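Residue-level structure breakdown
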Amino acid sequence: MVTNLHKLGTEASDSIWIVGAARSGKTARLVEQFCIWSQTVKPVPPKVSDRWRSGRRRAGQTAPAILVLAANGDNRLELADRIAVATQGKYTFHSTTPFGFFEQEVLLFWPLLVQSLDLRAQFPLRLQPETELELAARLWRRELDEGILQQTGVSPNRMVRRTLDLLQLAAVSGTPREEIPSILEQGFAGDGGSNNLWTSMGELLERWREWCLTRGLLTYGIVCELYWRYLLPDTTYQQHLASRYQAVIADDVDDYPAIGGHLFDRMLDQGAAGAFSYNRDGGVRLGLGADTEYLARLENRCQSVENLDAKAGLAPEIGDVAVSLAVNSEGFYPLGLSLPGSVRSLQTTSRAQLLRETAEIIVDAVKSKAVEPQDIAVIAPGMDAIARYSLTEILARDRIAATSLNDQRPLSSTPEIRALLTLLALVYPGLGRLVDRDGAAEMLVVLGSQKHRSLETEDSNPTFNLKSQIPNQKSIDQVRAGLIADHCFCPDIDRPQLLAITAFPRWDRLGHRAALAYKQIVEWIEQQRSQQQERLLPSPIALLDRAIQKFLMNDRYLPYDRLAALRELMETAGHYWEIQGRLQRVEPTNAGDSETIARFIQLLRQGTVTANPFPVRSEGPEAQAVTLANIFQYRSSRRAHKWHFWLDAGSPLWLSGGAATLFGAPLFLRSQQGHPWQTEEETAADQQRLRRILLDLLSRCSLLYLCHSELAVNGQEQTGPLLPLIHSSVSCQQSA
């Protein structure tokens, strides 16, 4: 194969394997290696075909010759920034995540796949997880209704998600999808389902895959399968891959799927050099598609192995002791054990008291200048809504901001989102069943909360204008909204509507400000209805955008989390209607906008957690806030804070790390395939996960509070694996 590569000194023999614990300097070493290679690797001019495909480079420009990978989107942004600063932005490179790379390559070389798989020539669209779930449930409706796709104690939606996850797990592990039934049969050996169920799952996945490819729809699992099984072995693609990248830098490969190893093997075989960082105590995504042990074999492909022995935070001081107490103590702890003063304990009887006292300690520490809010993290195996709300509210009383890290809550949990969904049902016909009195009242509160200076221009009463200088005061509060909804909301299956304010006999008791705000809302809704009937309203997405600009963004400050929710809604809605448009073109139906809107509203109201919007970093007060996160989110972010508060330290959920393992995930690890998953192996896996969690978190803090309540939220006594560590901390604290 002839290429125009400017080769590195000794080709693949320059590859480096960097091993170290959390915060040992692995990423810094990768950045250093990038700087070295940037002086050696010369970017090559892209071929005409490459320029045509990318559509972003002009003639004469060079293509990046180094591929830079990070485990997730947030880590990618940070790594890219560090490289840009180190090189002063003088060298271009391609930065992405493993799945981002697979998806980009599948889209870029789609014509090859169309030719080799005899697919319909249409540009592919990727399904978000929530849309994937809805479409698969519709496709498998008969099997769900007849109980063919059913497990005891598992809801239909959960059953659909489990089945789809199996395709994903097979794809990222490099396992042919045809082997899924046999792997489940061997792995579970009669437990968790019957052979007929496993066979049915395999058949349904085949039908789902064919249905998607016929319509040009791609899912996470389908993208990964297309890449490793069809694109990566393709000779033409291999030539393009070799000509584009002379080196690859991959951070935290312990979190990569097995097919990431296939990619690296291919690149090294073709003469590219690689620099890989690996954390033996990492594996955050183990059980969610990562194959830590399989990626470790890359060490044998590298000439140079660097062990970074540095340990950060509390790990050197108490790491081994903490692991011994939590994993090996079996409920006992040695007498006379001495823990440093940097490990403290907070114990209460009830969880409500625990949340209150935890927040009070944080307030006192911030007020005394012992620590800044942005240097504090509250970490729990499950950061539930009660804990999040309680901590945020208590801290807010003392003007201390708190922010949730990658908060995975349903969109419908945000009042602004619920109000916008109600608005859709009021504007478009045939959606009367989706709006009720309570929903209308909540919408009035949200949309009627404009800053009053926006109303001043419409009011000639000077007395009213003086009062309206008070910012952030609601025009329509909950009481007034309830009264208005009782008397002015007119339910109807086809055209529910809000009547004029005079329909309420005592409307004068509402106050001028509330009456004016209500009038504006009603007039705006009627205007949108009129435009919809005259086909002047382009789409439901346009309506959502208009409502956000009119009622939520007009002269009003919204917190970062609310803005993020609105971005998430618009991205989700845009994706949903794009997919619906594709389906309508492939299989035209008589369904109108109202039916599609109804499905969209019901999808969000069911509590579906939508895909996160493109990561944007918070600035201002939100960047100087206490971080609230569960274990999985915090470890994935790879952040560090001076002070840690481990909430619910006595919870048994510390064994699982707060992240649910995908159904059947252990069976698709390369080392496990073909073997049944035994109880002993599950116990050992839980203990290894706990060990990794403790060492990882202890590396990310210099002072630790173990926050434990005797009773959990449900009133049961907490008997988790960290109790020996908590008791040891209490004993040392009392003796001190």
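Residues numbered from 1 in each chain as written. Predicted model: local features only at pLDDT ≥ 70, side-chain atom pairs only at ≥ 80, totals over all residues. Heavy atoms only, no water.

Below, the discussion takes up the overall build of the protein chain. Scanning the protein chain for helices and strands turns up 29 helices and 16 strands. Of all 736 residues assigned to the protein chain, the portion counted as buried reaches 54%. Of the contacts made within the protein chain by residues no fewer than 6 positions apart, 80% connect residues no fewer than 24 positions apart. (Helix = DSSP H or I, 4+ residues; strand = E, 2+ residues; numbered from the N terminus. Buried < 20%, exposed > 50% of the residue type's maximum accessible area, 1.4 Å probe, protein only. Contact = heavy atoms within 4.5 Å.)

Next up on the list: helix 22 (residues 478–488). The α-helix advances 3.6 residues per turn, and as a result positions three or four apart in sequence lie on the same side. Every buried residue of helix 22 is listed here: Ala481, Gly482, Ile484, Ala485 and Cys488. Along the axis of helix 22, the buried positions cluster into a sector of 165°, meaning they face one direction only. Buried residues in helix 22 make contact with helix 19 (437–447), strand 12 (489–490), strand 13 (497–498) and helix 23 (512–533). (Arc of directions from axis to C-beta.)

Sheet architecture is open: six strands sit in the order 9-16-15-10-14-11, paired in parallel fashion. Of all the strands in the sheet, the pair left with one neighbour each is strand 9 (343–348) and strand 11 (402–404). Averaged over neighbouring strand pairs, the angle between their axes works out to 20° when direction is ignored. As paired strands, strand 10 (residues 376–380) and strand 15 (residues 643–646) are joined by four bridges and run parallel to one another. What sits directly across from Val378, in strand 15, is Phe645. (Pairing = 2+ DSSP bridges. Axes fitted to C-alpha atoms, helices over the stretch in contact; angles between N-to-C directions.)

Attention shifts here to the layout of surface pockets. Its boundaries defined by the atoms lining it, the second largest pocket holds a volume of some 930 Å³. In terms of lining residues, the second largest pocket is bounded by 39 residues, among which Thr661, Pro666, Trp677, Ala685 and Arg689 are the most central. The set of elements that each furnish at least two residues to the lining of the second largest pocket consists of helix 8 (156–172), helix 14 (292–295) and helix 28 (679–698). With six residues, helix 28 is the largest single contributor of residues to the lining of the second largest pocket. When the residues that make up the lining of the second largest pocket are grouped by side-chain class, the tally is 18 nonpolar, 14 polar and seven charged. (1 Å grid on protein atoms, 1.4 Å probe; cavity = no way out; pocket = protein on both sides within 12 Å on 5 of 7 lines; lining within 4 Å. Points joined across faces, edges and corners; volume = space filled by probe spheres on them. Nonpolar A, V, L, I, M, F, W, Y, C, P; charged D, E, K, R; others polar.)

Taken as a whole and judged by the stated rule, the model has 39 salt bridges. When the shortest N-O distance is used, the salt bridge between Arg207 and Glu143 registers 2.6 Å. In this pair, Arg207 sits in helix 10 (residues 195–214) while Glu143 sits in helix 7 (residues 141–145), placing the two residues 64 residues apart along the sequence. Note that Arg161 is salt-bridged to Asp165, the shortest N-O span being 3.2 Å. On the criterion of helical spacing, the pair formed by Arg161 and Asp165 is a turn pair, its members being four residues apart in helix 8. Taking relative accessible area as the criterion, Arg161 reaches 15% and is therefore assigned buried. The class for Asp165 is buried, based on a relative accessible area of 5%. Each member of the salt-bridge network shares a partner with another, and the members are Arg177, Glu178, Glu206, Arg209, Glu225 and Arg229. (Salt bridge = Lys/Arg side-chain N within 4 Å of Asp/Glu carboxyl O.)

Our focus in this paragraph is the nonpolar core. Formed by 87 residues in total, the largest nonpolar core has its most connected members in Phe101, Trp208, Phe264 and Phe276. If sequence neighbours within four positions are ignored, Phe101 has contacts with Leu67, Leu69, His94, Thr96, Tyr227, Tyr237, Leu241, Tyr245 and Leu263. Counting residues in hydrophobic clusters, the runner-up holds 58 residues, among them Leu420, Leu424, Phe504 and Ala514. (Core = buried A, V, L, I, M, F, W, Y, C linked by side-chain atoms within 4.5 Å.)

A word on the confidence of the model for the protein chain. For the protein chain, per-residue confidence averages 87 on the pLDDT scale, and residues scoring 70 or more make up 87% of the total. Summarising per-element confidence for the protein chain, the mean pLDDT is lowest in helix 21 (residues 462–467) (34) and highest in strand 15 (98). The model gives residues 48–61 a pLDDT under 50, and that stretch makes 17 contacts with residues more than four places away or in other chains. Below a pLDDT of 50 lies the segment residues 451–472, which in the model reaches 30 contacts outside its immediate sequence neighbourhood of four places, other chains included. (pLDDT = per-residue confidence, 0-100.)

Within the fold, Ser200 resides in helix 10. On the basis of relative accessible area, Ser200 is assigned to the buried category, the value being 13%.

The subject of this paragraph is the packing of helix 18 (residues 415–427) against helix 19. Remark: helix 18 packs on helix 19, axes separated minimally by 9 Å, with the N-to-C direction vectors making an angle of 115°. Crossing of helix 18 over helix 19 shows left-handed handedness. Across the interface between the two elements, Pro415, Glu416, Arg418, Ala419, Thr422, Leu423 and Leu426 from helix 18 touch Gly439, Ala440, Glu442, Met443, Val446 and Leu447 from helix 19. Within the contact of helix 18 with helix 19, the residues separate by chemical class into eight nonpolar, two polar and three charged. (Left-handed = near helix turned anticlockwise from the far one by under 90°.)

Tracing the backbone through its elements, the reader meets Ser173 in the loop between helix 8 and helix 9 (180–188). Excluding anything up to four places from it in sequence, Ser173 contacts Ala258, Ile259, Phe668, Arg670 and Gln673.

Right, let's talk about the sheet that holds strand 6 (residues 247–250) for a bit. Spatial strand order, 3-2-6-7-1-8: six strands in an open sheet with parallel pairing. A strand with exactly one partner marks an edge of an open sheet, and here the two such strands are strand 3 (94–96) and strand 8 (304–308). This sheet shows a mean twist of 10° between the axes of neighbouring strands, independent of strand direction. The pairing of strand 1 (residues 16–20) with strand 8 spans five bridges and is parallel. Residue pairing across strands places Trp17 opposite Val305, the latter belonging to strand 8. Lying on the sheet, helix 1 (residues 26–38) is in contact with strand 1, strand 2 (66–69), strand 6, strand 7 (273–278) and strand 8; it crosses strand 7 at an angle near 170°. Lying on the sheet, helix 4 (residues 98–108) is in contact with strand 2 and strand 3; it crosses strand 3 at an angle near 115°.

Once that is clear, we can look at the pairing of strand 15. Here strand 15 shows two buried faces, one formed by Trp643 and Phe645 and the other by His644 and Trp646. Note: strand 15 against strand 16 (residues 703–709), four bridges, orientation parallel. Counterpart to His644 in the pairing with strand 16 is Leu704.

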